[in-house]
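Here is how the chains run, residue by residue.
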Amino acid sequence: MAVTTTKPAVLLARFMFGLPLSGHEKTDATWFRHGTTPVDGAHLRGQWSYRPGWQRMLIRWAVVTALVAFMVGQVVSPWLTTTLTVVGGGVLLVWRVRCAERESEARRHLRDVVAPVWEVVAPYLKLDPDTSPEGYLSVPADIEEPDAQVELVLPRGWDADEANQARIDGVMHRLVHPRLVADWQPMLRRATWRLEVMSEHVEQNIQPMYETLAKLLGLDPNRRGDWLIELPEDFEAADETRVRIHLPSGVHLTGTKQQSIDATVRRYLGRNLQADWSNPQVISYTKKGTPPEVVRYEGHDDPAGVLKLGKDGSGKWVETELQNETPHGFVTAPTRYGKSTTLSVPAAHIRSKGGLASMVDPKRGSFETTFEKVPTVRVHKSHKSMGWALEEFFLSMVGVEIAREQGANIDDFPERILVIDELGSLMRSLSNNHKLRKARKEVDGDPPFRNQFDQIAMRGGANKHYLAVGAHQPRRDLFGGTEIRAQFGWKIMLGRYDHSVWTTTFGYAKRLAWNGHKKGRGVIGFGQHEDDISECQVVYLEPAEIIELANSGPEPPAWWMNFEMAPWITREVVEEALESTELTFASPERAPLTYSAGSAHDVPRTRPTGGTPPPPPPPPAETVNQQAEEFPGNEVETVTVAQAGVLPDTPDKPARPPADPLDKSPESAKRADTTENADLIIGNREAAEFLGMTVETFVRQRRRHKKKHGWFPGEQVTPDGKPCWTREALRQWQSSRPIAGPAWAAREEMELA
């Protein structure tokens, strides 16, 4: 009897406090917490048993209250009760429809998302894949929502070692999301996976580039990108930093893939990067800061031998010391990309320090607005003038070299620079001119300009004679060989370029990329190693600034303003030069015998600080133009010094004084004897005409005979230093040659007739 009276009370108590009416919990739900796992493997279809106790209590009390209110309402106000009942029924119907939709979505989510994962995970848990995943596995519909997580309940007795954990982690990464981070709690028999939160840097800077690279390399584009790409957060602000791409094993890089990877990295990170592909597993990109937009000349306080070329990405000056390892340099760029402007800077710099600058302009217009308006700078534009400038520069170098060997101080000679605006045009111009003159029998033999250029490149730096040339492409044949091209230490590349231009300039160094459309932007290098090559903005001067800078130097010597050869080009210098190359404009007979190094009239006058330049030296005495006399086919063009573009007449040096009657030397005696005999052939020109040769052929054959035998038959010297011979001596020499021409005999018969 007691049992029947207590059972309804217990049921009522359980009903009122939200407890199961059977007295047995079907899930692990508590009074405050939702349930997640059925107890003893019970199969539950609804969610009632998973609700916490307080929710079940409120629901039961709400239902009882609604029933009581309905019954009371029917007694008090049937119409109001009916209305409330209809409204409540409608709300309940809508709620039930929504619940049905959620259940349908839950079943679809279970079928399409949870079930595939469970089928793979269940065998690892040693469970039957056909069992329901409910109570074991829960996967949110949107894993990227905040606080969303995948939860897995581990069965009792399961071995949660690292191998099993790694297998299940792989399943979650492959089937749910590749960026899940696991949290294993074996003691609590549960494991959770949350989506790793990416920082703003990874999400905005790394992930977009990674997704593109992943497609190129065949990787999963959904993974977090910083496992592949190492990108510093201060990449944009840092002047110099490094980016690394760690390639997984098994990735084979072809040439096409390398180009695609390089283009992708530069598209996302910018073009100012230097790639390093030496490590097959790690690709490195070094970023150096962007050079300034414009770089102005700041070399006013530098010596002539120190040349500032431009500024790199860190804002540092890139400079070279001409008298050390990099005396010569070249600028390569397409047309209208600044070759002439860039080459003008070293010329104006050296002129401003008292040096001597010669501009060779085969295009006849590169320096119209600059150096052609500077009378202290020589500008050469005609074939003859350009050839004379190259030869005079070469002989000047040889003269300084010989003077140094004889004990002269290198500081007694000025720095000299020869700027060739377009080397290819100059070589073709001089070559074509030599062929035409050779066809007219004005010259003979090979053209001398190539040999002269090579010797300047090899020996000019030690003698303060510098070359600065421009070229569209610095090919080996243009410079006359790899060895000659290697003498050009500083190299500037401007504008857009292709692979061949880069290879001929910097060899197989790693290629750089820059904004090729920006004037003055390019690279400056001092060899073929990547550490010596950097993106730079070259120094720029307006035409008016170039003129002002060039005119700021001390006054040049008179011989320079008169377009004469350097006074240290003596007879010994010319004869030494003739041992290694042909000469077109100079000969030993017209060169002075000696030169006193350090003469005040031969070097630029130094302008005192804060004062005015000293008065100019007295003008040289009028002399005979022996060059026009000796070489009638090579008369140089006569213009004013202000024109400075065409070579004027080259006055000869003062004649040597007559022989001293008290001097008993053989040379003096020979001079005295020759003055008494008026029937002589004097000078190379008369001798060549007498023998029926060109002047160049006679000079060359005479030099060869003297080199072989140490003397020339019957040669004497006039008091003014010219060589002379008797007719008989020249006839005997001509007849003794292996091939003797009859022209002299014919001329002699005509004279007798």
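Residues numbered from 1 in each chain as written. Predicted model: local features only at pLDDT ≥ 70, side-chain atom pairs only at ≥ 80, totals over all residues. Heavy atoms only, no water.

Peer 1: Could you give an account of the overall build of the protein chain, naming the residues involved and the relevant values?
Peer 2: A tally of helices and strands in the protein chain yields 22 helices and 22 strands. The buried share of the protein chain, reckoned over its 753 residues, is 46%. For the protein chain, the share of sequence-separated contacts (at least 6 apart) that also reach a separation of at least 24 residues comes to 62%. For the protein chain, the exposed area adds up to about 38800 Å²; of that, 55% sits on carbon and sulfur atoms. (Helix = DSSP H or I, 4+ residues; strand = E, 2+ residues; numbered from the N terminus. Buried < 20%, exposed > 50% of the residue type's maximum accessible area, 1.4 Å probe, protein only. Contact = heavy atoms within 4.5 Å. Areas by Shrake-Rupley, 256 points an atom, 1.4 Å probe, with all protein chains shown as cover.)

Peer 1: Tell me what's going on with the packing of helix α8 (residues 383–405) against helix α16 (residues 571–578), and back it up with residues and numbers.
Peer 2: Close contact between α8 and α16 brings their axes to 9 Å; oriented N to C, the two are set at 110°. Overall, the two elements α8 and α16 adopt an arrangement that is roughly perpendicular. The way α8 lies across α16 gives a crossing that is right-handed. Contacts between α8 and α16 pair Phe394, Leu395, Val398, Gly399 and Ile402 from the former with Glu572, Val573, Glu576 and Ala577 from the latter. Partitioning the contact of α8 with α16 into residue classes produces 6 nonpolar, 1 polar and 2 charged. (Axes fitted to C-alpha atoms, helices over the stretch in contact; angles between N-to-C directions. Parallel < 35°, antiparallel > 145°, perpendicular 65-115°, else oblique. Left-handed = near helix turned anticlockwise from the far one by under 90°. Nonpolar A, V, L, I, M, F, W, Y, C, P; charged D, E, K, R; others polar.)

Peer 1: Before we move on, could you go through unusual backbone geometry and cite the residues and values that matter?
Peer 2: Phi is mostly negative for residues that are not glycine, and the peptide bonds are mostly trans. In the Ramachandran plot, lysine 126 falls in the positive-phi region, its phi being about 60° despite a non-glycine side chain. Within the fold, lysine 126 resides in the loop between α3 (78–124) and β1 (137–138). Note on lysine 126: relative accessible area 72%, which makes it exposed. Positive phi, normally seen in glycine, also occurs at lysine 441, with a value near 60°. Summarising the element assignment, lysine 441 is placed in the loop between α9 (423–439) and α10 (449–459).

Peer 1: Account for the pairing of strand β18 (residues 521–525), naming residues and giving values.
Peer 2: Judged by how many residues are buried, β18 sits mostly within the fold: 5 of 5 residues are covered. With 4 bridges joining them, strand β17 (residues 488–494) and β18 adopt antiparallel strand pairing. Within the sheet, the bridge partner assigned to leucine 494 lies in β18 and is glycine 522. Alignment of β18 against strand β19 (residues 533–540), held across 5 bridges, turns out to be antiparallel. The partner of valine 523 across the bridge, within β19, is glutamate 535. (Pairing = 2+ DSSP bridges.)

Peer 1: Lay out the sheet that holds β1 with the relevant residues and their values.
Peer 2: Ordered by their spatial adjacency, 4 strands build an open sheet running β1-β2-β4-β3, and the pairing between neighbours is antiparallel. On the outer flanks of this sheet lie β1 and β3 (180–185), each paired with one strand and no other. Here β3 pairs with strand β4 (residues 190–195) via 6 bridges, running antiparallel. Paired with glutamine 185 across the strands is arginine 190, a residue of β4. In the packing of helix α4 (residues 162–175) onto the sheet, the strands contacted are β1, β2 (149–153), β3 and β4, and the crossing angle to β3 comes to about 145°.

Peer 1: So what about helix α7 (residues 339–352)? Which residues, and what values?
Peer 2: Under the 1.5 Å per step criterion, the end-to-end length of α7 is 20 Å for 14 residues, consistent within 8% with the ideal 20 Å. Counting buried positions along α7 yields 13 of 14 residues, so the element is predominantly enclosed. At the exit of α7 stands glycine 354, carrying a positive phi of roughly 100°. (Expected span 1.5 Å × (residues − 1).)

Peer 1: Lay out the pairing of strand β12 (residues 328–332) with the relevant residues and their values.
Peer 2: In terms of residue burial, β12 counts as a mostly covered element, since 5 of its 5 residues are buried. The sheet contact formed by β12 and β17 spans 5 bridges and is parallel. Within β17, the position partnered with histidine 328 by the bridge is phenylalanine 488. Relative to strand β16 (residues 465–471), β12 is paired through 4 bridges, and the arrangement is parallel. Directly across from valine 331, in β16, lies its bridge partner glycine 470.

Peer 1: Break down the packing of α9 against α10 for me, citing the residues and quoting the values.
Peer 2: The geometry of α9 relative to α10 is characterised by a closest axis approach of 10 Å and an angle of 145° between their N-to-C directions. Along the contact surface, α9 presents Leu423, Met427, Leu430 and Ser431, while α10 presents Phe449, Arg450 and Phe453. Taken together, the residues of the contact of α9 with α10 break down into 5 nonpolar, 1 polar and 1 charged.

Peer 1: Quick one: what's the story with a nonpolar patch on the surface, residue by residue and with numbers?
Peer 2: On the surface, Trp48, Ile59, Val63, Val64, Leu67, Val68, Phe70, Met71, Val72, Val75 and Val76 cluster together to form a nonpolar patch covering roughly 1000 Å² of accessible area. Along the chain, valine 68 turns up in helix α2 (residues 53–76). (Patch = residues over 30% accessible without salt bridge, like charges linked within 9 Å, V, L, I, M, F, W, Y side chains within 5 Å. Salt bridge = Lys/Arg side-chain N within 4 Å of Asp/Glu carboxyl O.)

Peer 1: Hey, could you go over the confidence of the model for the protein chain for me, with residue numbers and the actual values?
Peer 2: The predicted coordinates should not be examined in detail at positions where pLDDT is low. Chain-level statistics for the protein chain give a pLDDT mean of 79 and a share of 84% at 70 or above. The lowest-confidence element of the protein chain is helix α17 (residues 626–630), averaging 34 in pLDDT; the highest-confidence one is strand β15 (residues 416–420), averaging 96. Note that residues 1–5 has pLDDT below 50 and, in this model, 0 contacts with residues that lie over four places away or in other chains. Every residue in residues 605–676 scores below 50 in pLDDT, and together they form 138 contacts with partners more than four places removed in sequence or on other chains. (pLDDT = per-residue confidence, 0-100.)

Peer 1: Let's hear about the side chain of threonine 326: which residues, and what values?
Peer 2: Turning to its location among the elements, threonine 326 is positioned in the loop between β11 (317–321) and β12. Judged by relative accessible area, which is 12%, threonine 326 ranks as buried. With sequence-adjacent residues up to four places away left out, threonine 326 is seen in contact with Thr320, Glu321, Gly489, Trp490 and Phe526.

Peer 1: An account of the sheet that holds strand β8 (residues 282–288) is requested, with residue identities and associated values reported.
Peer 2: As summarised here, the arrangement of the 4 strands in space is β5-β6-β8-β7, forming an open sheet in which the pairing is antiparallel. Each edge of the open sheet is held by one strand with a lone partner, namely β5 (229–230) and β7 (273–276).

Peer 1: How would you summarise the pattern of salt bridges if you had to cite specific residues and measurements?
Peer 2: Taken as a whole, this structure holds 23 salt bridges when the rule is applied. Here aspartate 421 makes a salt bridge to lysine 363, at a shortest N to O gap of 3.1 Å. Of this pair, aspartate 421 sits in the loop between β15 and α9 while lysine 363 is found in the loop between β13 (356–360) and β14 (378–380), placing the two residues 58 residues apart along the sequence. Among the residues examined, lysine 363 registers a relative accessible area of 45% and is labelled partly exposed. Linked by salt bridges that have partners in common, Asp302, Lys308 and Glu319 make up one network.

Peer 1: Requested: an account of the packing of aromatic side chains, with residues and values cited.
Peer 2: Tallied over the entire structure, the rule returns 21 aromatic pairs. Three or more aromatic residues link up through ring pairs in this structure, and these residues are Phe330, Phe453, Phe479 and Phe488. Geometry around tryptophan 227 places arginine 223 over its ring, the cationic atom sitting 4.4 Å from the centre. Directly above the ring of tryptophan 317 sits lysine 308, whose terminal nitrogen or CZ lies 5.9 Å from the centroid. (Phe/Tyr/Trp six-rings, centres within 6.5 Å; stacked < 30°, edge-to-face > 60°. Lys NZ or Arg CZ within 6 Å of the ring centre and 35° of its normal.)

Peer 1: Describe the environment of threonine 505, naming the residues involved and giving the relevant values.
Peer 2: Structurally, threonine 505 can be placed in helix α13 (residues 499–506). It is 8.3 Å that separates the C-alpha atoms of threonine 505 and threonine 332, two residues lying 173 residues apart in sequence. If sequence neighbours within four positions are ignored, threonine 505 has contacts with Phe330, Thr332, Pro474, Lys491 and Met493.

Peer 1: Please set out a negative patch on the surface residue by residue, giving values where relevant.
Peer 2: Together, Glu405, Glu572, Glu575 and Glu576 make up a negatively charged patch on the protein surface. As for its position among the elements, glutamate 576 is in helix α16. With relative accessibility at 44%, the residue glutamate 576 sits in the partly exposed group. (Lys, Arg positive; Asp, Glu negative; His and termini not counted. Charge placed at Lys NZ, Arg CZ, Asp CG, Glu CD.)

Peer 1: Tell me about the environment of valine 113, and please be specific about residues and values.
Peer 2: Counting through the fold element by element, valine 113 comes out in helix α3. Along the primary structure valine 113 and valine 176 are separated by 63 residues, whereas in three dimensions their C-alpha atoms are 8.0 Å apart.

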